[in-house]
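# Coordinates in review
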Amino acid sequence: MAKAFSPSSILLFILLSTTSSSHCKAIDDSTPIEGLVWDGTGTPQENLPPYMASLRSHSNVHFCGGTIISTRHILTAAQCTIGRTATSVNVVVGTVLRTAAGVSYPSNSLIIHPRFDPKTLANDISLVHTAGLISLTDNVQIASINPSLTIDGVSARISGWGRTTESLFDPDRLHTMTSTTIANTVCRSGQTPENTWRITNGKICTDNPSTRGGICYGDEGGALVTGSEVVGVASFHSHCNVSVPNIYERVAPHRIWIESIIL
């Protein structure tokens, strides 16, 4: 989660950002998608959101978040799975640590939404099917999907292993923050020009003006949660700009598609 950058770190971030223009290019299984949940707090194990999953390569590199929605399925963003093979993805659950502990489950198939558009990031949603049943415990639980469209002005929570400091290092521990959903019209007006046209009715936005925190590379795929239900999947942001709203894929419009696979 984000804090305001110093001038030197802003320059460093711009240089890094210009070298990677798309989240959706083909990648090998050792390449992390960098990220951060800015300005959040480190989460102790006892406060782990039990639905939280880390998608990792075989070399144990975290690249995206995910959500347990059945004992065989992880909900995530399509940009997290496109360009990868099923056998290159492991799902780790039950831990707040990015590189240790938890239980790992290999994937045996990746199911990308058939209408996902890598250019617009429309329908940015996919499922990871695990090779074995996920064992449920106090730290590993199935999340419910909100069946209705969430309105603006609702408190929501996002968690992730994204980068959190001005030095851009990945955190060892899961970070969590609370934000507020905003109307898409407000979201568009606060966006940079390259992202305004991507904010359709299929997206939901959040803003956190009191702390100016949010998501960045690597938090993609994580759940936006209101109450105890998933309402969105972390989709994109404006180069981790702390003054710009964050965008999530709405889950409710995809509920029938999801249930047709997992039930």
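Here the structure is a predicted model, which means the values were calculated and not measured.

Secondary structure assignment for the protein chain yields 5 helices and 14 strands. When burial is assessed residue by residue, the protein chain has 54% of its 263 residues classed as buried. For the protein chain, long-range pairs separated by at least 24 residues make up 73% of all intrachain contacts whose partners lie at least 6 apart in sequence. Split by element, the accessible area of the protein chain, about 10700 Å² in all, is 56% carbon and sulfur.

This part takes up the packing of aromatic side chains. Going through the model one piece at a time under the given rule, you end up with 0 aromatic pairs. Here arginine 84 stacks its cationic end above the ring of phenylalanine 63, 3.4 Å away from the centre of that ring.

Moving on to unusual backbone geometry. A positive phi angle, near 70 degrees, is found at asparagine 60, a position not held by glycine. Relative to the assigned elements, asparagine 60 resides in the loop between β2 (52–56) and β3 (62–70). Residue classification places asparagine 60 among the partly exposed positions, given a relative accessible area of 30%.

Time to look at the state of the cysteines. Considering all chains together, one arrives at 2 disulfides under this definition. Paired through a disulfide, cysteine 64 and cysteine 80 show a sulfur-sulfur distance of 2.1 Å. With the S-S dihedral at roughly -80 degrees, the linkage between cysteine 64 and cysteine 80 falls on the left-handed side. Pair noted here: cysteine 64 is in strand β3 and cysteine 80 is in helix α2 (residues 78–81), with a separation of 16 residues, a long-range link. Both residues of the pair, cysteine 64 and cysteine 80, count as buried. For cysteine 187, the disulfide goes to cysteine 205, at an S-S distance of 2.1 Å. Handedness here is read from the sign of the S-S torsion; for cysteine 187 and cysteine 205, about -80 degrees, the answer is left-handed. Of the two residues, cysteine 187 sits in helix α3 (residues 184–189) while cysteine 205 sits in strand β11 (residues 203–207), which places them 18 residues apart along the sequence. Just as cysteine 187 is buried, cysteine 205 falls in that class too.

As a further point, take the confidence of the model for the protein chain. Per-residue confidence for the protein chain gives a mean pLDDT of 82, with 79% of residues at or over 70. A low-confidence stretch, residues 1–36 stays under pLDDT 50, and its non-local contacts, those more than four residues away or across chains, total 102 contacts.

A barrel is described by the order of its strands in space; here 6 strands give the closed sequence β2-β3-β4-β7-β6-β5, paired in antiparallel fashion. On average, each strand axis in the sheet is inclined to that of its neighbour by 40 degrees, with strand direction left out of account. For strand β6 (residues 103–112) and strand β7 (residues 126–130), the ladder comprises 5 bridges, and the chain directions are antiparallel. Paired with serine 109 across the two strands is histidine 129, which belongs to β7. Against the sheet, helix α5 (residues 255–262) touches β3, β4 (73–76), β6 and β7, its axis set at about 15 degrees to β7.

Throughout the structure, instances matching the rule amount to 1 cavity of 30 Å³ or more. Considering the residues around the largest cavity, the lining is formed by Asn146, Ser148, Leu149, Thr150, Val230, Val231, Arg250, Val251 and Ala252. Considered class by class, the residues forming the lining of the largest cavity number 5 nonpolar, 3 polar and 1 charged.

Right, let's talk about α5 for a bit. For α5, every residue scored as buried is listed here: Trp257, Ile258 and Ile262. Across the axial projection of α5, the buried residues extend over an arc of 120 degrees, all falling on one side. Exposed side chains of α5 directed beyond 90 degrees from the buried face belong to Ile256 and Ser260. Residues of α5 that are buried make contact with β3, β4, β6, β7 and β8 (144–145).

Of all hydrophobic cores here, the largest spans 30 residues; its most connected members are Leu55, Ile74, Leu75, Val93 and Ile258. For this core, the elements supplying multiple residues, two or more each, are β2, β3, β4, β5 (90–93), β7, β12 (223–226), β13 (229–236) and α5. Here this core takes 4 residues from β3, the largest share from any one element. Apart from residues no more than four positions distant in its own chain, isoleucine 74 is found in contact with Ala53, Leu55, Gly66, Thr67, Ile68, Val91, Ser126, Leu127, Val128 and Ile134.

Reading the values: the criteria
- Residues numbered from 1 in each chain as written.
- Predicted model: local features only at pLDDT ≥ 70, side-chain atom pairs only at ≥ 80, totals over all residues.
- Heavy atoms only, no water.
- Helix = DSSP H or I, 4+ residues; strand = E, 2+ residues; numbered from the N terminus.
- Buried < 20%, exposed > 50% of the residue type's maximum accessible area, 1.4 Å probe, protein only.
- Contact = heavy atoms within 4.5 Å.
- Areas by Shrake-Rupley, 256 points an atom, 1.4 Å probe, with all protein chains shown as cover.
- Phe/Tyr/Trp six-rings, centres within 6.5 Å; stacked < 30°, edge-to-face > 60°.
- Lys NZ or Arg CZ within 6 Å of the ring centre and 35° of its normal.
- Disulfide = S-S within 2.5 Å.
- pLDDT = per-residue confidence, 0-100.
- Pairing = 2+ DSSP bridges.
- Axes fitted to C-alpha atoms, helices over the stretch in contact; angles between N-to-C directions.
- 1 Å grid on protein atoms, 1.4 Å probe; cavity = no way out; pocket = protein on both sides within 12 Å on 5 of 7 lines; lining within 4 Å.
- Points joined across faces, edges and corners; volume = space filled by probe spheres on them.
- Nonpolar A, V, L, I, M, F, W, Y, C, P; charged D, E, K, R; others polar.
- Arc of directions from axis to C-beta.
- Core = buried A, V, L, I, M, F, W, Y, C linked by side-chain atoms within 4.5 Å.

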